[in-house]
Structures are given as C-alpha cells and as structure tokens.
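Coordinate inspection notes
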Amino acid sequence: MSAELLDQSPEQFIARLREAGGRACLTWDHEEARVRTSHPWLADIATWLAGDARDFHAHEGVFMAVGPETGALMTATVHTSVRGQAAGGLRHWPYATIQELLRDGLRLSLGMSRKNALAGLWWGGGKGIIARQSAERSRDPGYRRTLYREYGAFTTSLRGVYITAEDVGTQPDDLAAVFETTRFATCVPPSVGGSGNPSPATAKGVVCAIEAALDHCGRGSIAGKTIAMQGAGNVATYMIEELLARGVGRVIAAEISAERCELLRARFVNAPVELRHAEIGDLSIFAEPCDVLAPNALGGVLGPATIPMIQAPIVCGAANNQLLDDRRDDRDLAARGIVYVPDFVANRMGIVNCANEQYGQIGGPDKDPAIERHFSRDWDNAVFVVTKRILEHAQTSGITTSAAANELADKACRLPHPIWGHRGRAIVDGLLADDWAR
C-alpha cells in the first residue's frame, strides 16, 4: 500500500532505492495527463501524487538518488520549466518520513515557480532536498564536502532542467562544493565569481514588503512600530538591521537556538531588540501584540493552532510556505481582518540576487542597479509596488491576498521562455528516453 511506502523513513526508502540501482523518478506525462514512474514499486506514490490536489500541481518531475559515498537521499523536484530552467535552493533537513520529504519538495518548488514568475525572472520553479542523516555527521566538514559534491554530480545528471542554490541547512561553502561537480548552481561564493550569501538581499526585500503592507493599511512607516519575529537566522538578522535603519520601535525575536540568541544579543546590544529563547513547539510569539508578525523560520506555521493567537494586523515574513493549507488558512486570516503578504511575494530577492550571477556584477549587489531597482518604489516590478498591487487586487476583487498572488503568479508561470520555449520538457523527455533512472 502507498501508506506503507510513504510512511517509510528516508533510511528505509534508501534501502529500496539501492535495490533499484540508486536512482528513481516520477514524471508528468503531458499527453496522457498522468504521473509516470521509473519503477513499478513507485506506482502507489504516483497514485498519492495524482490524488493530492493541495500540493501536487502537475509537477514535471521528482528525481531521487542515493549518494554513492555518503548513502544520503537526495532529490530534485521540478514544478514547471515553462519560463525556463527550474531554479530553487537546496534544503538540508531531517525528515521523519518520505511523505514529509516529498510534500516539502512539492510545496517549495511550486512556491519557487510563483516567486520567480512574480519577480520577472525567466526561470521556472524547482527545489532540491538532502535528507539529513544526523546532526553529528552534518557538522563534519569532510562529510559535508563529499555530500555536496555528490549533490552537484546528481544535479549535473539532470542536464540543466534544475538549477540549485542555497536554502535552509546549506551554506555558501557547501555551494562551493556543489559547484565543483556541476555548472548548474548559483549563490556560489564570490571567490568563484558568485554573489555569495543571498540573505541580505532577501531581508531587504521582506522589509520592503512590510513597508508596502503598512502603507496599504494606512499605518504609516516602520518608524516606531513593533515587529515580532519567529526565527532569528541569517535572513532575520539582516531584517533586524534593515528595521533598525528605518527607526523601528521594537523587535521581538523568538529563536530555538540559545547560542544564536546570545550571539545576537551581543550584536544588537543597546538596540531595541529582544531575543527570546524558545523551545521547539513554543508558539507564544504568535500571541505577541505587535504591528507586524514576521514568520522567518520553517513553513506551515500559519494554521488553526496559530491564527487565532495572532495579535497583529499584518503578517509578512521571510519563511517559505507559511500557510499550513493555502486553501483554508488564507481565508481564516482574512476573516480575522489580518493582512497577509504571501511569502513568495515578500522573500523573492534571494533568488533574484542568484539569478543575476550569470550576467555579471556591477560593484557588488548593493551597488548593482539591476538589484537595487527591486527595492525602489518607482519601478513597476519592485517589491513594494508588486506587494501593493496584490493587496489592492485582493481588496477590490473580494478575494484573499494568497488567491490574488497565486492568480497573478500562475498567469505569469504559463508564459514560455522567449528564446528557449519549454525546453525543460524536452530535457526531461530526453532523460527518460536515455533511461536516466536505470
């Protein structure tokens, strides 16, 4: 039964995958409108995908492999490559079951399609995942280099239908290792010609979206406001700096890492920033009275357990896939009168920063006009302008902000690349014709 396979741990699934030769894939048959499998034993997963209307949207492919040396499970999920190569970061994270891993890939790749389209990039949406084997191994530099070199080789095998980048659990040095075995990587370190850590650009874009939401609600500027954050990682840290530069009244950040809390307390000493160490599962930050709540950690945090707690008129943060169910939870937020800025509207600047690598750089990202125009208010596709457009469209159309953003993004997703057309479909067909998974 599919439940038995989907409920397997990554380790159990790896054993099955090794028996099959170390590679497998599920791909979308455009002619027959069904999921194809590389191996018969994946048929039940195909059935589950086809019946999952929430997260499966005719994704073009889910590719899986086992690292030859590390034995780690690695995947690349391609939602759509109509606009261009499917681009999205590489998440290194522990998963209890294969279903959790697959669902994360589906949701994140869909979000990347929408994010890239709204940002005006000629890229489709994809997402890479490495199932973390253990916290101890993941801290070993030698293991990490081998692991990420393996992922680079895996990416190369996909012939460019997917371009990988940085994401949760993956650092710039890891991308340097990926870059050693593939050319289909971005966010690589400046030492090899890349743009490096995209967190500063992501943070600045989210702050621009916050400004747009405040303006839309007639609440003025960031100056004097209270911002509550769930998560105080890289992006959130740069967000705090941007907020302080704009005269924020107070920042309250909940973070599960005690070490991170101490580091940031020292970094922001004498600033109106409060770091709260929170245990895993502690949701109290959602009940904090504030002007803006910013979810900055992992996805699926806005749902029946947290939405009733929110004491903020605006939700706008850096985390991906913040809604637990995007067909339900956006309506619950709207019913409470909370203005929600969809994550892929606010947090696009990391991928924009990465996308521009192939076109060279002009004095660094903070001096590059191709980057800086996204932070302006006089360019039609700037973060501030697009955010306001979506919020106003939702208001005038009587739909949720999530529905408004999806509508505009999905329309843009259907535009084929002006030069290459839907080349990704031909690449996937070529992989299947050459028995990629055999």
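You'll find the structure just up there.
The structure contained in this document is the topic of the report that follows. Worth saying up front: this structure is predicted, and the values here are computed from it rather than measured.

1. Considerations on empty space enclosed by the protein
Throughout the structure, instances matching the rule amount to four cavities of 30 Å³ or more. Approximately 190 Å³ is the volume attributed to the largest cavity. Lining the largest cavity are 16 residues, with Arg107, Arg114, Asn321, Asp326 and Asp343 positioned closest to its centre. Going through the elements one at a time, helix H4 (98–118), helix H12 (343–346) and helix H16 (401–413) are the ones with two or more residues in the lining of the largest cavity.

2. A word on unusual backbone geometry
Phi at alanine 58 takes a positive value of approximately 50°, unusual for a residue other than glycine. Positionally, alanine 58 belongs in the loop between helix H3 (43–50) and strand S3 (61–66). Among the residues examined, alanine 58 registers a relative accessible area of 31% and is labelled partly exposed. Backbone geometry at asparagine 270 places phi at a positive 70°, although glycine is not the residue there.

3. Concerning the layout of surface pockets
Computed from the structure, the second largest pocket encloses a volume of approximately 970 Å³. Surrounding the second largest pocket, 38 residues form its lining, Gln85, Trp123, Ile163, Gln358 and Tyr359 being those nearest its centre. Looking at the lining of the second largest pocket, the elements that each hand over two or more residues are helix H13 (349–355) and helix H17 (423–433).

4. Here we look at the sheet that holds strand S7 (residues 162–166)
Taken together, seven strands build an open sheet; the order of strands is S2-S1-S3-S4-S6-S5-S7 and the sheet is mixed. At either end of the open sheet lies a strand with only one pairing partner, and these are strand S2 (34–37) and S7. The mean inter-strand angle of the sheet, taken between neighbouring strand axes irrespective of direction, is 20°. Sheet topology note: the strand S1 (residues 23–29)/S3 ladder contains five bridges and is antiparallel. Of the residues in S3, the one forming a bridge with cysteine 25 is phenylalanine 63.

Calculation notes
Residues numbered from 1 in each chain as written. Predicted model: local features only at pLDDT ≥ 70, side-chain atom pairs only at ≥ 80, totals over all residues. Heavy atoms only, no water. 1 Å grid on protein atoms, 1.4 Å probe; cavity = no way out; pocket = protein on both sides within 12 Å on 5 of 7 lines; lining within 4 Å. Points joined across faces, edges and corners; volume = space filled by probe spheres on them. Helix = DSSP H or I, 4+ residues; strand = E, 2+ residues; numbered from the N terminus. Buried < 20%, exposed > 50% of the residue type's maximum accessible area, 1.4 Å probe, protein only. Pairing = 2+ DSSP bridges. Axes fitted to C-alpha atoms, helices over the stretch in contact; angles between N-to-C directions.

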